[in-house]
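Observations on the model geometry
Here is how the chains run, residue by residue.
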Amino acid sequence: QRRDPNQTEFQEAVFTVLDTLEPVLDAHPEYVKANLLARLVEPERAIQFRVPWQSDDGQFHVNRGFRVQFNSAIGPYKGGLRLHPSVNLDVVKFLGFEQILKNSLTGLPIGGAKGGSDFDPKGKSDSEVMRFCQSFMTELQRHIGPDLDVPAGDIGVGGREIGFLFGAYKRLNGYQNGVLTGKGLTFGGSLARTEATGFGLLYYTHAMLKALGDTLTNKKIKISGAGNVATYAIQKATEYGATVITCSDFDGYVYDPNGIDYQVVKQIKEVERGRIKEYAQRVETAEYHEGSVWDFDTNYDIALPCATQNEISKDQAELIAKDGVKYVCEGANMPSVPDAIATYRDNHIYYGPAKAANAGGVAVSALEMSQNSERLSWSFETVDNRLHDIMDSIFEMSEAADKKYDLKQDYQAGANIAGFEKVAEAMMAQGLV
Ligand code: NDP
């Protein structure tokens, strides 16, 4: 707080984790002696750079680029790039910090990082996005590599952007297909990477419900967002026999009591890059409303926030409880403010935190790295099965930590502790670095 008084989102992420680590620190006084937490919250490296680019009308623009390489104790840095006007060092640090424990939970050898820029791809032409990506990569390429730091997508960075970034990297360094993940299938991408975070969220939710003697069949689910994570979460939830009654974008939300059709969402948001209100113009049973989906009052069973950070306030969490929700699992990163999480706890809502529930994307990214190293491509089924196993194991690890430290079904603390234990052990073994 003293060093970074204005980094409120980073502080929120850090304190939410540190508050849950006490039982591990009590069990391991050597971690306290080694000042491990002070080292954990300080990035190994934070890079900020200028990204100049030219728009189609000939004007010159300058954006800010970031890459925060947070922790490499268990493997090369890994984490997405976000393109959104709200991106600043605070946001990138919060995301990078979360990524350390998330990556650890996957059981794969990857460290934590995050990056991005305050460039807004919305409304830009393909050529403008390409010129921006080329300029961004001209600097970023100095700091990344297949065994050093492997970025991927996040908000505003999908297949198109990764393709442009990869082309720019290749031009400067030659063909090294392990340098980015989320690539197109014709140049080293993995099948099931596009679906991974959304599918993974449902595999995790399924594992949690199963452990509690419940099932997804016939459940009513509210989902926020209509991007990459939300779209494939809708698909998998529907396949499990649940009904997804909402999705949303920045402007408003769609409600359809008969169930949202993920293919229509995909067509509007992924293919046409349109607005979600068009959904209600194409599907008769759907209604569109402006505002937040979390202010919409209706009874349902499961909330899966898949849009952005701090999208659920304390008041909205209270409405979630009043609406009879039993489970909240997070597809977006840090979508619930700390008071909202406390509200879930007070109302006995089971809570699957982002770093566990949305780890499917980075897990399949790591599988993409394995395929690139082997120079092989696995089938959709192989990747999807591995993803399913990884998400089951993330829930099991969180549950095991919960039991070990008698946390009373606090899966948030369980995930933090399970992710932390591995990183802490590796940091201790590597000495004061
Ligand atoms: P996308 O850019 O594909 O989609 C984001 C969606 O959320 C868009 O529909 C966007 O609407 C909507 N949105 C953004 N801000 C708001 C808001 N304030 N209120 C309502 N809706 C909003 O991003 P992703 O789906 O990739 O990412 C979503 C979340 O999941 C992020 O928190 C990201 O960090 C996290 N995540 C993503 C992973 C991935 O593999 N993609 C992996 C792990 C986590 P609009 O179109 O209006 O901008």
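As a reminder, the structure under discussion sits directly above these lines.
Residues numbered from 1 in each chain as written. Predicted model: local features only at pLDDT ≥ 70, side-chain atom pairs only at ≥ 80, totals over all residues. Heavy atoms only, no water.

**Some words on the site of the ligand**
For clarity, the threshold we go by: Definition of nearness: a residue and a molecule or strand are near each other if at least one heavy atom of the residue lies within 4 Å of the molecule or strand. For this analysis, a polar contact is any N or O atom pair within 3.5 Å, provided that within protein one partner can donate a hydrogen and the other can accept it, and provided that sequence-adjacent residues contribute only side-chain to side-chain pairs. Each accessible area is a Shrake-Rupley result for a 1.4 Å probe, and residues are judged covered by the shown protein chains and nothing else. Under the scheme used here, helices are H or I runs from DSSP no shorter than 4 residues and strands are E runs no shorter than 2 residues, and both carry numbers assigned from the N terminus.
Taken together, 24 residues sit near the ligand, with D154, T197, K269, R275 and N333 positioned nearest. N228 places a main-chain nitrogen or oxygen 2.9 Å from an oxygen atom of the ligand. In this structure, an oxygen atom belonging to the ligand sits 2.9 Å away from a main-chain N or O atom of F250. Its free accessible area being 890 Å², the ligand has 85% of it covered by the protein chains. Mapped onto the shell around the ligand, the elements with two or more residues apiece are α8 (193–211) and α9 (228–239).

**What to know about unusual backbone geometry**
In the Ramachandran plot, N35 falls in the positive-phi region, its phi being about 55° despite a non-glycine side chain. Inspection of the secondary structure assignment puts N35 in the loop between α3 (29–33) and α4 (36–40). Its identity as a non-glycine residue notwithstanding, D406 has a phi of 50°, on the positive side.

**Observations regarding the pattern of salt bridges**
The cut-off we apply is this: Basic side-chain nitrogens of Lys or Arg form a salt bridge, by our definition, when they fall within 4 Å of a carboxyl oxygen of Asp or Glu. Partly exposed describes any residue whose relative accessible area lies between the buried limit of under 20% and the exposed limit of over 50%, with all areas from a 1.4 Å probe on protein chains only and scaled to the type maximum.
A complete count under the given rule lists 24 salt bridges for this structure. When the shortest N-O distance is used, the salt bridge between R275 and D251 registers 2.9 Å. Taken together, the positions of R275 in the loop between α10 (262–271) and α11 (277–282) and D251 in the loop between β7 (243–248) and β8 (252–255) put the pair 24 residues apart, joining distant regions of the chain. The class for R275 is partly exposed, based on a relative accessible area of 24%. Assessed through its relative accessible area of 38%, D251 is described here as partly exposed. The partner of D406 in a salt bridge is K408, and the shortest N-O contact between them spans 3.3 Å. Salt bridges here are not isolated pairs; linked through shared partners, they connect D249, D251, K269 and R275.

**Quick notes on the packing of aromatic side chains**
Applied cut-off: What counts as a ring pair is set by centres within 6.5 Å for rings of Phe, Tyr and Trp (its six-membered ring), and what kind of pair is set by the plane angle: stacked under 30 degrees, edge-to-face over 60, tilted for all other angles.
Under the defined criterion, the tally for this structure stands at 18 aromatic pairs. Ring geometry for Y31 versus F420: centroids 6.0 Å apart, planes at 85°, classification edge-to-face. Placement of Y31 in helix α3 and of F420 in helix α17 (residues 411–429) is noted, with a sequence separation of 389 residues between them. Pairwise contacts between aromatic rings join F49, W53, F119, F132 and F136 into one cluster.

**Quick word on empty space enclosed by the protein**
A water-sized probe rolled over the atoms picks out the places where empty space is left. For the record, the criterion: Two kinds of site are reported from a 1 Å grid over the protein atoms alone, namely cavities, where a 1.4 Å probe fits but cannot get out, and pockets, open sets with protein on both sides within 12 Å along at least five of seven lines, and residues are called lining when an atom falls within 4 Å of a point. Grid points are joined across faces, edges and corners, and a volume is the space filled by probe spheres set on the points. When residue character is reported, Ala, Val, Leu, Ile, Met, Phe, Trp, Tyr, Cys and Pro are called nonpolar, Asp, Glu, Lys and Arg charged, and the others, Gly included, polar.
For the structure on display, the rule yields 2 cavities of 30 Å³ or more. Of the volumes computed, that of the largest cavity is approximately 120 Å³. Around the largest cavity, the lining is made up of 13 residues, and of these T16, E98, M334, I341 and Y351 lie nearest the centre. Broken down by class, the residue content of the lining of the largest cavity amounts to 6 nonpolar, 3 polar and 4 charged. Here the second largest cavity is characterised by a volume of approximately 40 Å³. No other element matches helix α6 (residues 126–140), which puts 3 residues into the lining of the second largest cavity.

**As for helix α13 (residues 338–346)**
Rules: The arc under discussion is defined with respect to the helix axis, by the directions toward the C-beta atoms. It only takes one pair of heavy atoms within 4.5 Å for two residues to be counted as in contact.
Looking at α13, one finds that the buried residues are A340, I341, T343 and Y344. Viewed along the axis of α13, the buried residues span an arc of 155°, placing them on a single side of the element. Packed against the buried residues of α13 are α1 (8–18), α12 (314–322), β11 (327–329), β12 (350–352) and α17. H348 lies just past α13 and shows a positive phi near 55°.

These figures come from the coordinates and say nothing about function on their own.
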